[in-house]
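Notes for the structure review
So you can see what is in the structure, the chains are spelled out below.
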Number of protein chains: 2
Amino acid sequence: MFSKACEYGIRAAVYIAQQSGRGVRTGLKDIAEAIDSPEAFTAKILQQLSKNDLIQSSKGPTGGFEMTAHQLQTVMLSDVVRTIDSNLIYTGCGLGLANCDAQNPCPLHHEFMGIREQLKTMLETTAIRQLAESLESGAAILKR
Amino acid sequence: MFSKACEYGIRAAVYIAQQSGRGVRTGLKDIAEAIDSPEAFTAKILQQLSKNDLIQSSKGPTGGFEMTAHQLQTVMLSDVVRTIDSNLIYTGCGLGLANCDAQNPCPLHHEFMGIREQLKTMLETTAIRQLAESLESGAAILKR
DNA sequence: TTGGTAGCGGACAAATTTGTCCGTTTTCGG
DNA sequence: CCGAAAACGGACAAATTTGTCCGCTACCAA
């Protein structure tokens, strides 16, 4: 479904959102430990998220990652997925055909339509913050 | 969504089914040309499908690939996907967590549930033959 | 029987994804 | 100002996926 990088990215974003909700800025080491991901690789992904203004980063001692109130309100799951993978997951053809559309459909086009649409809607209407809340309440986990 | 190998596999299976519907056995070169795929790589994939009895292969001159009447009636899209990728696409956790289930859900677990279920149902209820029919009727394409 | 044809299977090669290392830059606290 | 701490950025390494090559085997037709 998603690439490893994207999985790590989502998990990291959700964890950062949870900590930011508590007013806590969190560092790379802490994040990698919390989401059970390779530290250096996770750093690369966080850089992408930061460059695309989905999260905030700061250097130096006391530095780390956080999400602003505005980011917590506006950053959707689809933003993270689009930044790391692309939007091809929910827009591209299921059989990899470049020119597949309603006029020139692949044999799976109609069968896939509903699923892709549902996936798209889910990603675009789910905020990272919502996911963080289910973490915070203990209703969900991010490890193992 | 699917791997390249799986995309080629599905496209090849659909094309073979279409030709078999016409009573025509078709060779590797013909298949690769019809579905616009790398020939040698496609050969590997067809071997997998053949070993798993999803298609029939025969050597020698006049050899090639085909689907028996029985295979045309029973082989589902899910069989091809399971053979080449795995069933992880519609059973695994969206965030890659090994121990994610209803008891210990990842934050996306419930959001994903419906989509995975719909995908699973679609793959399991769609026969390769059905897809071949939409090709045969000109309602769908397999190239580009 | 024999020659050619087509799939089989193993080894190899290229490309992409995943993951690591380390020096540099920024920033904070003393 | 200075030293340490943390993210940044570029180069490198490993693993996986994608793709190729070629000799081998089976099979058909003449």
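My aim in this report is to walk through the structure given alongside it, one point at a time.

Definitions and cut-offs
Residues numbered from 1 in each chain as written. Chains lettered and ligands numbered in written order. Predicted model: local features only at pLDDT ≥ 70, side-chain atom pairs only at ≥ 80, totals over all residues. Heavy atoms only, no water. Near = heavy atom within 4 Å. Polar contact = N/O pair within 3.5 Å; in protein donor to acceptor, adjacent residues only side chain to side chain. 1 Å grid on protein atoms, 1.4 Å probe; cavity = no way out; pocket = protein on both sides within 12 Å on 5 of 7 lines; lining within 4 Å. Points joined across faces, edges and corners; volume = space filled by probe spheres on them. Helix = DSSP H or I, 4+ residues; strand = E, 2+ residues; numbered from the N terminus. Salt bridge = Lys/Arg side-chain N within 4 Å of Asp/Glu carboxyl O. Buried < 20%, exposed > 50% of the residue type's maximum accessible area, 1.4 Å probe, protein only. Least-squares fit on C-alpha atoms with pLDDT ≥ 70 in both. Contact = heavy atoms within 4.5 Å. Nonpolar A, V, L, I, M, F, W, Y, C, P; charged D, E, K, R; others polar.

Details of the protein's contact with DNA strand D
- In the vicinity of DNA strand D there are 24 residues, among which L28, K44 and S57 of chain A together with K4 and Y8 of chain B approach most closely.
- Considering the 4 Å shell around the protein, atoms of DNA strand D inside it are sugar or phosphate in 63% of instances.
- Between L28 of chain A and DNA strand D, the recorded distance is 2.8 Å, taken from a backbone N or O atom to a phosphate oxygen.
- Between DNA strand D and K59 of chain B there is a distance of 3.4 Å, counted from a sugar or linking oxygen to a side-chain nitrogen or oxygen.

With respect to empty space enclosed by the protein
- Overall, the coordinates contain one cavity of 30 Å³ or more when judged by the stated rule.
- Empty space within the largest cavity amounts to approximately 60 Å³.
- Every residue lining the largest cavity is listed: M1, I89, I115, R116 and L119 of chain A together with M1, I89, F112, I115, R116 and L119 of chain B.
- Elements with a minimum of two residues in the lining of the largest cavity: α7 (109-125) of chain A together with α7 (109-125) of chain B.
- Among the elements that make up the lining of the largest cavity, the one with the highest residue count is α7 of chain B (four residues).

Thoughts on the pattern of salt bridges
Residue and element names in this part refer to chain A.
- One pass over the full model with this rule turns up 16 salt bridges over all chains.
- The closest approach of N and O atoms between K120 and E124, which form a salt bridge, is 3.7 Å. Of the two residues, K120 and E124 both sit in helix α7, four residues apart, roughly one turn of that helix.
- Accessibility expressed as a relative area gives 36% for E124, which makes it partly exposed.

Structural notes on the relation of the copies chain B and chain A
- Of the two same-sequence chains, chain B is brought onto chain A (RMSD 0.0 Å, axial shift 0.0 Å) by a rotation of 180°. As the rotation angle and translation indicate, the two copies are arranged about a two-fold axis. By C-alpha distance to the rotation axis, the residue of chain B lying nearest is M1 of chain B, at 2.5 Å.
- The overlap is high: 100% of the interface residues of chain B also sit at the interface in chain A, so the same surface is used on both sides.

Things to note about the layout of surface pockets
- Volume-wise, the largest pocket comes out at about 380 Å³.
- Looking at the lining of the largest pocket, the elements with two or more residues in it are α1 (4-21) of chain A together with α6 (88-91) and α7 of chain B.
- Looking at side-chain class alone, the lining of the largest pocket contains eleven nonpolar, eight polar and four charged residues.
- The calculated volume of the second largest pocket comes to roughly 280 Å³.
- As for the second largest pocket, its lining consists of 15 residues, and the residues nearest its centre are L88, I89 and C93 of chain A together with M1 and E7 of chain B.
- Elements supplying a minimum of two residues to the lining of the second largest pocket: α6 (88-91) and α7 of chain A together with α1 (4-21) of chain B.

Details of the protein's contact with DNA strand C
- In the vicinity of DNA strand C, 24 residues are found, and the nearest of them are P61 of chain A together with L28, K44, S57 and P61 of chain B.
- Within 4 Å of the protein, the atoms of DNA strand C are drawn from sugar and phosphate moieties in a proportion of 63%.
- Interatomic distance of 2.8 Å between a backbone N/O atom of L28 of chain B and a phosphate oxygen of DNA strand C.
- For the surface near DNA strand C, the secondary structure elements donating two or more residues are α1 and α3 (39-51) of chain A together with α3 (39-51), β1 (56-58) and β2 (64-66) of chain B.

A look at unusual backbone geometry
- Despite not being glycine, R144 of chain A has its phi angle at roughly 60°, a positive value.
- Mapping R144 of chain A onto the fold places it in the segment after α8 (128-136).
- Although it is not a glycine, D53 of chain B adopts a positive phi angle of roughly 60°.
- Residue position: D53 of chain B is located in the loop between α3 and β1.

Shape is all these values report; function is a separate question.
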